[in-house]
Amino acid sequence: MGRAVVGVAVGLAAVACTVAAVAVGRRMRSRGKWKRVVRVLREVEEGCESSVGRLRQVVDAMAVEMHAGLASEGGSKLKMLLTYVHNLPNGTEKGTYYALHLGGTNFRVLRVHLHGQQSSLLEHEVERQPIPQHLMTSTSEDLFDFIASSLKEFIEKEGDGSELSLDRRELGFTFSFPVKQMSVSSGILIKWTKGFSIVDMEGIDVPGCLQEALTRKGLDMKVAALVNDTVGTLALGHYHDSDTVASVVVGTGTNACYLERVDAIIKCQGLLTTSGYMVVNMEWGNFWSSHLPRTSYDIDLDSESPNPNDQGFEKMISGMYLGDIVRRVILRMLLESDIIGPISSKLSMPFILRTPMMSAMHEDDSPDLREVARILKDILEIPEVPLKLRKVVVKVCDVVTRRAARLAAAGIVGILKKIGRDGSGGITGGRRSDMKMKRTVVAVEGGLCSSYTLFREYLHEALNEILGEDIAKHVILKVTEDGSGIGAALLAASHSSYNLDTVQML
Ligand code: ADP
Ligand code: MG
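Residue positions are given per chain, counted from 1 along the sequence in the order it is written. Chains and ligands are labelled by the order in which they are written, letters from A for the one and numbers from 1 for the other. This being a predicted model, a pLDDT of at least 70 is required before a residue's local features are given, and a value of 80 or more before pairs of side-chain atoms are given or counted; all residues contribute to the totals for chains, interfaces and linings. No hydrogens and no water enter the side-chain calculation; it runs on all heavy atoms of the structure.

Re a negative patch on the surface
Spelled out, the test is: Residues forming no salt bridge and having over 30% relative accessible area are the ones grouped into patches, like charges within 9 Å of each other and nonpolar side chains (Val, Leu, Ile, Met, Phe, Trp, Tyr) within 5 Å. Note on areas: Shrake-Rupley with a 1.4 Å probe; residue coverage comes only from the protein chains shown. Salt bridges are identified by distance alone: a Lys or Arg side-chain nitrogen within 4 Å of an Asp or Glu carboxyl oxygen. When charges are tallied, Lys and Arg are placed among the positive residues and Asp and Glu among the negative ones, while His and the ends of the chain are skipped. We put the charge of a Lys on NZ, of an Arg on CZ, of an Asp on CG and of a Glu on CD. Strands here are runs of E lasting at least two residues and helices are runs of H or I lasting at least four, both read from the DSSP assignment and numbered beginning at the N terminus.
A cluster of acidic residues, Glu141, Asp142, Asp200 and Glu212, forms a negative patch at the surface. Residue placement: Asp200 occurs in the loop between strand 7 (186–189) and helix 4 (206–216).

This is how it looks when you write it as structure tokens:
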């Protein structure tokens with residue numbers, strides 16, 4: 001009997017030891033897995049490092065590339081395209097003008113009523129609709145007939161239009177694709193992007209196609225300005241505040257434009273404008289510098305993209321890509337650590353994690369990160385992620401967005417440096433004390449600036465860090481809304497054919 005009791009006790013002790021050993025083993029393994037998670041996080045943090053010193057190198061590189069792009073055609077990855085916009089609206093414009101915007105998330109038609117007073121409310125009406133998928137790869141005639149019909153329907157809703165003399169209807173056309181302009185109202189498409197591919201359009205005058213379609217539909221309306229969306233944003237910013245000298249769009253893609261002295265546009269000698277200035281469309285999404293903090297995730301994203309080695313700056317900054325960089329980091333983290341076991345194939349699908357979802361995780365302020373858990377489960381099919389790991393996912397979003405916003409800030413300071421408004425006396429240098437800093441406004445627009453609070457905060461923070469407080473207080477980032485559309489109508493007004501100011505070649 002006694003022996004039996006001893007036997008049971010020994011047996012129980014052995015079981016207890018095994019259980020303990022398994023538990024310790026499990027804890028050690030889980031600690032090992034967690035270490036690997038942390039290692040991937042540390043690596044991505046280091047790879048995305050954007051100290052103010054590094055940002056200043058990006059600033060300098062941007063200013064140098066701007067010079068090179070203005071010096072000769074093809075002199076830089078920055079195209080520095082001439083826009084022939086030399087007369088930014090200033091609030092004195094009067095009348096009713098129209099705008100069309102093609103190349104954003106939706107196609108838009110707008111009407112703007114101007115009363116000639118900057119401070120008066122800028123009344124506008126807008127209609128949005130998606131471009132039917134088949135028209136994106138059809139013929140130019142099909143696409144422009146659709147656009148002209150939409151405009152016609154929009155105008156017919158106006159009633160009899162008696163307050164508007166029919167022969168003076170003018171239109172601004174925002175066309176968010178790279179264009180080589182020959183004048184403010186003419187330009188040829190360089191290449192399609194964003195899923196459009198209409199072969200008979202490349203090399204053809206874009207406003208010409210629209211003008212022909214308007215005629216086919218019996219619309220008596222003149223295309224007064226062909227503009228890029230950033231130029232529209234600059235126009236709206238300038239309409240409200242004449243200290244606005246540049247604009248930046250960070251939405252699906254990213255781009256910037258600014259007001260340049262015509263004598264600095266060396267690649268186009270003999271250019272004369274009444275104002276002495278012209279807006280230059282930088283196409284900054286294609287900027288590249290060895291100083292950009294690039295990670296293996298960026299390299300993979302680029303090489304798997306349809307346009308490798310293209311739009312390098314954009315791929316680190318814009319809404320099209322940020323979510324996918326985060327997805328790639330999470331994927332590597334889970335694969336290398338094996339912390340949650342087998343993972344769903346969803347996480348391997350490019351672009352499944354969209355930037356608005358990423359920002360929702362980043363800005364989740366619930367104590368248990370409920371939104372993070374929901375998105376990981378619903379979008380990436382990763383159920384029951386422990387809180388500790390959810391916190392790491394938020395940190396990854398933070399690292400990726402902080403880098404994006406700080407690089408955009410460096411780009412902005414690069415522009416300010418090029419035009420001598422960064423307080424340093426221009427690219428050739430100068431003594432800060434000699435400079436009197438002018439109030440400088442940069443209009444910013446796009447989904448990330450308007451809807452992603454932390455992106456906007458990091459943008460402001462980096463601008464202050466790079467410029468220093470004394471200079472930064474003279475630089476204002478102003479978020480505009482729908483400048484890409486409204487601005488085109490304003491430019492139709494300021495470049496109206498009834499206006500005598502022109503661009504001349506000597
Ligand atoms: P587009 O660039 O097409 O003209 P927008 O400027 O409105 O349009 O930007 C839309 C882009 O902004 C989306 O593709 C998305 O990447 C990003 N975006 C929209 N909403 C948010 C959000 N809440 N958080 C983060 N990014 C957003
Ligand atoms: Mg846009």
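Having seen the model, we can carry on.
What about the pairing of strand 2 (residues 94–102)?
How we decide: Three labels apply to residues, based on accessible area from a 1.4 Å probe with only protein chains included: buried if under 20% of the type maximum, exposed if over 50%, partly exposed otherwise in between. Should DSSP find at least two bridges between two strands, the strands are taken to pair.
Counting buried residues in strand 2 gives seven out of nine residues, a clear majority hidden from the surface. Hairpin connection of strand 2 to strand 3 (residues 107–115): four residues between the antiparallel strands, including Gly103 at a positive phi of 120°.

Comments concerning the site of ligand 1
The following threshold applies: Whether a residue is near a molecule or strand depends on its heavy atoms: if one lies within 4 Å, it is near. Side-chain atoms alone can form a polar contact between residues adjacent in sequence; in general such a contact is a pair of N or O atoms within 3.5 Å, and within protein one must be able to donate a hydrogen while the other accepts it. Put simply, Ala, Val, Leu, Ile, Met, Phe, Trp, Tyr, Cys and Pro go in the nonpolar bin, Asp, Glu, Lys and Arg in the charged bin, and everything else, Gly too, in the polar bin.
Around ligand 1 lies a shell of 13 residues, among which Thr105, Thr252, Ser359, Gly446 and Gly447 are the nearest. Ser359 places a side-chain nitrogen or oxygen 2.7 Å from a nitrogen atom of ligand 1. Gly447 is positioned such that a nitrogen or oxygen atom in its backbone is 3.0 Å from an oxygen atom of ligand 1. Of the residues that constitute the shell around ligand 1, the class distribution is three nonpolar, 10 polar and no charged.

Some points on the pattern of salt bridges
A full pass over the atoms with the stated rule returns 29 salt bridges. Notably, a salt bridge pairs Glu336 with Arg39, separated by 3.5 Å at the nearest N-O pair. One end of the pair, Glu336, is in helix 8 (residues 319–337); the other, Arg39, is in helix 1 (residues 2–47), and 297 residues separate them in sequence. What makes Glu336 partly exposed here is its relative accessible area of 36%. Looking at Arg39, the relative accessible area reads 42%, which means it is partly exposed. Between Asp300 and Arg332 there is a salt bridge; the shortest N-O distance is 4.0 Å. With Asp300 in helix 6 (residues 296–303) and Arg332 in helix 8, the pair connects residues that are 32 residues apart, well separated along the chain. Given the relative accessible area of 30%, Asp300 is considered partly exposed.

As for unusual backbone geometry
Despite not being glycine, Asn309 has its phi angle at roughly 65°, a positive value. Position of Asn309 relative to the elements: it lies in the loop between helix 6 and helix 7 (314–317). Looking at Asn309, the relative accessible area reads 60%, which means it is exposed. The backbone of Glu384 sits at a positive phi, close to 50°, despite the residue not being glycine. Within the element layout of this structure, Glu384 appears in the loop between helix 10 (370–378) and helix 11 (387–418). Since its relative accessible area comes to 76%, Glu384 is described here as exposed.

Observations regarding the packing of helix 5 (residues 229–240) against helix 15 (residues 483–494)
The axes of two packed helices give the description: the angle between them and the distance between them. Note the following rule: Angular values range over 0 to 180 degrees, each being the angle between N-to-C directions of two axes fitted as lines to C-alpha atoms, with helices fitted over their stretch in contact. Geometric relationships in this document are graded by angle, where less than 35 degrees denotes roughly parallel, more than 145 denotes roughly antiparallel, 65 to 115 denotes roughly perpendicular, and other angles denote oblique. Residue contacts follow a heavy-atom distance rule, with two residues in contact if any of their heavy atoms lie within 4.5 Å.
Look at helix 5 against helix 15: their axes get within 7 Å of each other, and the N-to-C directions meet at 70°. The angle between helix 5 and helix 15 falls in the class roughly perpendicular. Across the interface between the two elements, Asp229, Val231, Gly232, Thr233, Ala235, Leu236 and Tyr239 from helix 5 touch Gly483, Ser484, Ile486, Gly487, Ala488, Leu490 and Leu491 from helix 15. Looking at side-chain class alone, the contact of helix 5 with helix 15 contains eight nonpolar, five polar and one charged residues.

Some thoughts on the environment of Arg456
Mapped onto the fold, Arg456 is located in helix 13 (residues 453–467). By relative accessible area, Arg456 is classed as partly exposed at 23%. A sequence separation of 50 residues divides Arg456 from Arg406, and the C-alpha atoms of the two residues are 9.8 Å apart. Apart from the residues within four sequence positions on either side, Arg456 is in contact with Cys449, Ser450, Ser451 and Val479.

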